[in-house]
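Here's the letter readout for the chains.
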Amino acid sequence: MKQKLVLVVEDSPYLAESLTDMLEMKGYKVIVAPTGKEGVELALENHPDLILLDIRLPDIDGYEVYRLVRADAWGEKVRILVLTASESTENISKNIQLPVDHILFKPNWGVRELLAKIEEVLKAKN
């Protein structure tokens, strides 16, 4: 089975490193983008199976990253899981068409919950 590629778009170096370590231990290949612009570039170049997307980023926000990725033919179908500390479900739903079950609020999730959600989202892709 082909190793799944996950793009982590997260400006917190600590969280990005923690997510990378956790995902790599579970057998995923991981690339990290600390900014929204870099996230869009890496997504369109590498076509990951899943994007873990923070909303608050230092340059363009996660909403714009979402729109730019979705504007690409490949990006229309990529799985995106939003990780946010400050946005409400209503605000996210208003700004992007993302199922509520694809949003996790920091720090209300643990490693097991996040891994279960990632596996669920990736299985739904097939």
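A brief look at the structure comes next. (Residues numbered from 1 in each chain as written. Predicted model: local features only at pLDDT ≥ 70, side-chain atom pairs only at ≥ 80, totals over all residues. Heavy atoms only, no water.)

**What to know about the overall build of the chain**
Phase 1: The helix and strand inventory of the chain stands at 5 helices and 5 strands.
Phase 2: Ordered by position from N to C terminus, the α and β elements of the chain give β-α-β-α-β-α-β-α-β-α.
Phase 3: A burial count over the chain gives 48% of its 126 residues as buried.
Phase 4: A separation threshold of at least 6 residues defines the contact pool for the chain, and within that pool the share at least 24 residues apart is 61%.
Phase 5: Within the structure as shown, the chain displays about 6800 Å² of accessible surface, and the carbon and sulfur contribution to it stands at 52%. (Helix = DSSP H or I, 4+ residues; strand = E, 2+ residues; numbered from the N terminus. Buried < 20%, exposed > 50% of the residue type's maximum accessible area, 1.4 Å probe, protein only. Contact = heavy atoms within 4.5 Å. Areas by Shrake-Rupley, 256 points an atom, 1.4 Å probe, with all protein chains shown as cover.)

**Topic: the environment of Val32**
Phase 1: Within the element layout of this structure, Val32 appears in strand 2 (residues 29-33).
Phase 2: Spatially, the C-alpha atom of Val32 lies 9.5 Å from that of Leu19, the residues being 13 residues apart in sequence.
Phase 3: If we skip the residues at most four places from it in the chain, Val32 touches Leu7, Val8, Ala16, Thr20, Glu38 and Leu42.

**Some points on helix 2 (residues 36-46)**
Phase 1: Looking only at helix 2, the buried set comprises Gly36, Gly39, Val40, Leu42 and Ala43.
Phase 2: Its side-chain oxygen at 3.1 Å from the backbone nitrogen of Glu38, Thr35 defines the N-terminal cap of helix 2.
Phase 3: Trailing helix 2 by a residue or two, His47 shows a phi angle of about 45°, which is positive. (Polar contact = N/O pair within 3.5 Å; in protein donor to acceptor, adjacent residues only side chain to side chain.)

**Topic: the packing of helix 2 against helix 3 (residues 62-70)**
Phase 1: Packing of helix 2 against helix 3 brings their axes to within 9 Å, and their N-to-C directions diverge by 20°. For the element pair helix 2 / helix 3, the angle class is roughly parallel. With respect to the hand of their crossing, helix 2 and helix 3 are arranged in right-handed fashion. Along its contact with helix 2, which presents Gly36, Val40 and Ala43, the element helix 3 presents Val65, Leu68 and Val69.
Phase 2: Residues belonging to the contact of helix 2 with helix 3 are distributed by class as follows: 5 nonpolar, 1 polar and no charged. (Axes fitted to C-alpha atoms, helices over the stretch in contact; angles between N-to-C directions. Parallel < 35°, antiparallel > 145°, perpendicular 65-115°, else oblique. Left-handed = near helix turned anticlockwise from the far one by under 90°. Nonpolar A, V, L, I, M, F, W, Y, C, P; charged D, E, K, R; others polar.)

**Some words on unusual backbone geometry**
When glycine is set aside, most residues are seen to have a negative phi, and most peptide bonds are trans.
Phase 1: Despite not being glycine, His47 has its phi angle at roughly 45°, a positive value.
Phase 2: With respect to the helices, strands and loops of the structure, His47 is situated in the loop between helix 2 and strand 3 (50-54).
Phase 3: The exposure class of His47 is partly exposed, given its relative accessible area of 39%.

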